[in-house]
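Understanding the architecture of this molecule
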Amino acid sequence: QVQLGESGGGLVQAGGSLRLSCAASGRTFSSYAMGWFRQAPGKEREFVATVSRSGGYTSYAGSVKGRFTISRDNAKNTMYLQMNSLKPEDTAVYYCAATANYYSNYERAHLYDYWGQGTQVTVSS
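About the cut-offs
Residues numbered from 1 in each chain as written. Predicted model: local features only at pLDDT ≥ 70, side-chain atom pairs only at ≥ 80, totals over all residues. Heavy atoms only, no water. Buried < 20%, exposed > 50% of the residue type's maximum accessible area, 1.4 Å probe, protein only. Helix = DSSP H or I, 4+ residues; strand = E, 2+ residues; numbered from the N terminus. Pairing = 2+ DSSP bridges. Core = buried A, V, L, I, M, F, W, Y, C linked by side-chain atoms within 4.5 Å. Polar contact = N/O pair within 3.5 Å; in protein donor to acceptor, adjacent residues only side chain to side chain. Contact = heavy atoms within 4.5 Å.

1. Concerning the pairing of strand E9 (residues 92–99)
Counting buried positions along E9 yields seven of eight residues, so the element is predominantly enclosed. Here strand E4 (residues 33–39) runs beside E9; their pairing, made up of seven bridges, is antiparallel. Looking at E9, one finds that alanine 33 is bridged to threonine 99. Sheet analysis places E9 next to strand E11 (residues 119–124), joined by three bridges and oriented antiparallel. Bridge assignment links alanine 92 to a residue of E11, and that residue is valine 121. Where E9 lies against strand E10 (residues 114–115), two bridges are found, and the strand directions are antiparallel. Pairing of alanine 97 across the sheet is with tryptophan 115, part of E10.

Next up, the structure:
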């Protein structure tokens with residue numbers, strides 16, 4: 001089992017940057033594929049980015065590709081989401097998620113077994 005906790009959210013102006021962190025408990029962090037999802041008020045939770053166990057493979061939602069970068073440091077049991085050129089439509093609660101299972105695609109929320117509590121990101125125009 002793994003416990004996840006996000007940090008780094010906040011209020012930023014459009015065009016600004018934030019870096020989210022997801023700290024994981026336990027000694028087997030590298031055995032989990034990880035992902036970031038977000039949920040805006042009144043909307044369903046949506047995929048943002050995913051990173052493989054080694055960090056060598058990443059995938060992004062089209063709406064954030066080229067602006068966001070997902071990474072992980074297995075020695076620190078931490079995953080990151082660097083968010084640049086933020087837009088008001090990026091406003092949402094951001095969640096990190098983990099799964100120990102193997103899939104061909106990690107972009108569906110229901111594939112993840114463990115979730116953090118979320119961190120609010122608000123981008124003002």
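2. Topic: the nonpolar core
The tendency in soluble globular proteins is for nonpolar side chains to be buried side by side. If you look at the biggest cluster of nonpolar residues, it comprises 37 residues, and the most contacted ones within it are Met34, Trp36, Met79, Leu81, Met83 and Tyr94. When residues of this core are traced back to their parent elements, those giving at least two are strand E3 (18–24), E4, strand E5 (46–51), strand E7 (68–73), strand E8 (78–83), E9 and E11. Top contributing element to this core by residue count: E9, with five residues.

3. Examining the side chain of threonine 78
Tracing the backbone through its elements, the reader meets threonine 78 in strand E8. The buried category is assigned to threonine 78, whose relative accessible area is 10%. One polar contact links the side chain of threonine 78 to the main-chain carbonyl oxygen of lysine 76, over a distance of 2.8 Å. Not counting chain neighbours up to four residues away, the residues in contact with threonine 78 comprise Ser21, Cys22, Ala23, Phe29, Arg72 and Asp73.

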